[in-house]
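Summary of the model geometry
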Amino acid sequence: MLKGKVALVTGGSRGIGAAIARQLASMGANVAVIYAGNQQAAEEVCSQCREFGVESRAYRCNVADFGETKDTVAAVKADFGTVHILVNNAGITRDGLIPMMKEDAFDAVLDTNLKGAFNMIRHCAGLFLRNREGCIINISSVSGLMGNAGQCNYAASKAGLIGLTKSVAKELAPKGIRCNAIAPGFIRTDMTGTQEKNPLLAMIPLGTMGEAEDVAQAAAYLATAKYVTGEVLRVDGGIAM
Ligand code: NAI
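The structure contained in this document is the topic of the report that follows. Keep in mind the model is a prediction, meaning the values are calculated, not measured.

Before going further, it helps to spend a moment on the site of the ligand. As a matter of local geometry, the ligand sits amid 27 residues, with Arg14, Asn89, Tyr154, Ile187 and Thr189 nearest to it. Between an oxygen atom of the ligand and a side-chain N or O atom of Arg14, the distance comes to 2.7 Å. Backbone polar atom of Val63 to a nitrogen atom of the ligand: 3.0 Å apart, as the coordinates give it. Contact with the protein chains covers 92% of the free accessible surface of the ligand, which is 830 Å². When atom positions are compared with the pocket grids, the ligand is found to occupy the largest pocket. Sorting the residues of the shell around the ligand by element identifies helix H1 (15-26) and helix H6 (152-172) as the ones contributing at least two each. Looking at the shell around the ligand residue by residue, the classes come out as twelve nonpolar, twelve polar and three charged.

Vacant regions in the atomic arrangement are exposed by a probe of water-molecule size rolled over the atoms. In this structure, the largest pocket encloses a volume near 1,100 Å³. Secondary-structure elements contributing two or more residues to the lining of the largest pocket are H1, strand E2 (30-35), helix H5 (142-146) and H6. When its residues are assigned to classes, the lining of the largest pocket shows 21 nonpolar, 23 polar and four charged. In this structure, the second largest pocket spans a volume of roughly 280 Å³. The wall of the second largest pocket is formed by 17 residues, among which Gly134, Cys135, Gly176, Arg178 and Lys226 lie closest to the centre. Residue assignment for the lining of the second largest pocket shows that the elements contributing at least two residues are strand E5 (134-139), strand E6 (177-184) and helix H7 (212-224).

Quick notes on the rules
Residues numbered from 1 in each chain as written. Predicted model: local features only at pLDDT ≥ 70, side-chain atom pairs only at ≥ 80, totals over all residues. Heavy atoms only, no water. Near = heavy atom within 4 Å. Polar contact = N/O pair within 3.5 Å; in protein donor to acceptor, adjacent residues only side chain to side chain. Areas by Shrake-Rupley, 256 points an atom, 1.4 Å probe, with all protein chains shown as cover. 1 Å grid on protein atoms, 1.4 Å probe; cavity = no way out; pocket = protein on both sides within 12 Å on 5 of 7 lines; lining within 4 Å. Sits in = over half its atoms within 2 Å of the grid points. Helix = DSSP H or I, 4+ residues; strand = E, 2+ residues; numbered from the N terminus. Nonpolar A, V, L, I, M, F, W, Y, C, P; charged D, E, K, R; others polar. Points joined across faces, edges and corners; volume = space filled by probe spheres on them.

Set out below in structure tokens:
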């Protein structure tokens, strides 16, 4: 279904990003896996992608860095020719209550989660415009929809991603470029490793945490849903209903 397409997935070395990389590869896309530090994990995801008969390579890049993202997109273009699908998945948390939150905890989360997505979109936009097609998927969060005590930085970054998504969707729709967001709820990954006893879990109508593959399924849909743009697709067991 995505044969011949090139997908770039940030934070692709583990968790939700790795599941999305494998999912898009299973649909025939060649996959550029962007990782922050763990090369071995990224290479492992690439070899899992190659098992589907596609090309896959890993690139080290801090998405918060404008220059590094520019160079990385250029390197992906040199290796794969272009980019058709961009998945902005890289994200961090630095939780804390507002009276105690350090300035650098706020800045780091906004720089990675929100500016990181802007950086990647900014540098891929020229390729999308040239191709007269493009698909951007931003991984937001139910925290961005509902807010969450102790996560003012994270929720602000994820709400900001929704504004970014809708603005990019409106601006680039006439050029054949779609932009959507996914808002996952509680997904079992390294990020939520210590959340198994979080009281919010009792509020999930479907009763359990989700898996990374549940989010990857939504990404597969958005990658192929040619009449859908500006949408925020919740994958949350109903918690933000
Ligand atoms: P994770 O912590 O397992 O993976 C995050 C990935 O982002 C890692 O590969 C990490 O190396 C990468 N990353 C972090 N900072 C980076 C940077 N500056 N440059 C490049 N890569 C960087 O987390 P998980 O759970 O897989 O989350 C993936 C995305 O889904 C994140 O954006 C997260 O906010 C979002 N999300 C996760 C939820 C969950 O319950 N796990 C719920 C809602 C949203």
